Amino acid sequence: MPLLIFVTILWAFSFSLIGVYLAGAVDSYFAVLTRILLAALVFVPMLRLRACRPRMAVTLMGIGAVQLGLMYLFYYQSFLLLSVPEVLLFTIFTPLYITLLHALLARRFSLWNLLVAAAAVLGAAIIRWGQPQDNFWLGFLVVQGANICFALGQVAYKQFMQRAPNAPARQLFGWFYLGAALVAACAWLWLGKPQYPHTALQWGILLWLGLVASGLGYFLWNKGATQVSAGTLAAMNNALIPAGLAVNLIIWNRDADLVRLALGGAVIAAAVLANEWHTRRNTTGKKP
């Protein structure tokens, strides 16, 4: 838990830094690739090839490709379609996806999850009720793509480490970033535009996001994920939302419609909390 709390504080500024200084000013595919390559610089030098069988390396690269590579591609695009508070609020679905993934692995499915999702979509609609914009629902879906990738990566890494509890995590995690870098490089070569950082501030933000927020943050977050239950992990995914919102609204976005954000956010939060209560009740009600 302490690791997850520390990374939550570390990441609280990332949303606003991307939305305010990079989105629309720097090509999103270049920003993703740069951030991942900088993160890889932290851990690739620690790689010990003899400590990792080829199958383990490929598995870690696959997890990194989804949790970081694909997730960032969705995530950075969302800032071109939505405001920072909206991106933050819509990340609240990640715990639901973690719960769904665990249910699928256990071969269980419930209509309850669909009702929770419908209630959460209602909350999203409240945020922009009477202000229809073509990009809003597209942005909403793009954020969900990022949420699903992040949830899938967390569940996969947790299971990977449970099956190999003695694996030297620091000496293997470089494979995670190499998998993510492969996805980001392909996306940049195919879709990227020559729109690079042109100020020292933008380069500085990319350095911070790459070396610290990604390089240190994702390793500590995934390590923390292996030390807590699936329920705690799902709940901690949403701790970032109030922290990120506070930073954005206080420093950068004082003119936001706080009433609409609060009402829509409350509906979304209620849906996720109801799902967590339902999951815990079913778990504690089972006989050993």
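This write-up is about the structure you can find in this document. No experiment lies behind these values; they were computed from the predicted model shown. Note on numbering: residues in each chain are counted from 1, in written sequence order. The predicted origin of the model limits local features to residues at a pLDDT of at least 70 and limits the giving and counting of side-chain atom pairs to 80 or more, whereas totals for whole chains, interfaces and linings rest on all residues. Working from all heavy atoms in the structure, the side-chain values ignore hydrogens and water.

## Side note on the overall build of the protein chain
How we decide: Helix and strand assignments come from DSSP, with helices taken as H or I runs of at least 4 residues and strands as E runs of at least 2, each series counted from the N terminus. Classification of residues uses two cut-offs on accessible area relative to the type maximum, computed with a 1.4 Å probe and protein chains only: under 20% is buried, over 50% is exposed, and between them is partly exposed. A 1.4 Å probe and the Shrake-Rupley method give the accessible areas. Residues count as covered only by the protein chains that appear here.
When helices and strands are tallied, the protein chain shows 14 helices and zero strands. The N-to-C order of helical and strand elements in the protein chain reads α-α-α-α-α-α-α-α-α-α-α-α-α-α. By residue count, 50% of the 288 residues in the protein chain fall in the buried class. Per element, the accessible surface of the protein chain, about 14,000 Å² overall, is 68% carbon and sulfur.

## Brief notes about a nonpolar patch on the surface
Selection rule: Exposure above 30% relative accessible area and the lack of any salt bridge qualify a residue for a patch; like charges then connect within 9 Å, and the nonpolar side chains Val, Leu, Ile, Met, Phe, Trp and Tyr within 5 Å. The working definition used for a salt bridge is a side-chain nitrogen of Lys or Arg within 4 Å of a carboxyl oxygen of Asp or Glu.
A contiguous nonpolar surface patch, about 290 Å² in accessible area, is contributed by F13, I250 and I251. Turning to its location among the elements, I250 is positioned in helix 13 (residues 240-252).

## Details of the packing of aromatic side chains
For the record, the criterion: Within 6.5 Å between ring centres, the rings of Phe, Tyr and Trp (the latter by its six-membered ring) count as paired, and their orientation is classed by plane angle as stacked under 30 degrees, edge-to-face over 60, tilted in between.
Scanning the model with the defined rule gives 25 aromatic pairs in all. With a centroid separation of 6.2 Å and 85 degrees between ring planes, the pair formed by F30 and W203 is classed as edge-to-face. In this pair, F30 sits in helix 3 (residues 28-43) while W203 sits in helix 10 (residues 200-214), placing the two residues 173 residues apart along the sequence. A connected cluster of aromatic rings, assembled from ring pairs, spans W11, F15, Y72, Y75, Y76, F79, F150, Y218 and W221.

## Observations regarding the nonpolar core
This is how the line gets drawn: What makes a nonpolar core is a set of buried Ala, Val, Leu, Ile, Met, Phe, Trp, Tyr and Cys residues whose side-chain atoms join them at distances within 4.5 Å. In this analysis, two residues are considered to be in contact whenever any of their non-hydrogen atoms come within 4.5 Å of each other.
Membership of the largest hydrophobic core comes to 76 residues, with the highest contact counts inside it found for L68, M71, Y72, Y75, Y177 and Y218. Residue contributions to this core peak at twelve residues, all from helix 8 (residues 134-163). Excluding residues within four positions of it along the chain, Y75 makes contact with S14, F15, I18, R35, V87 and A146.

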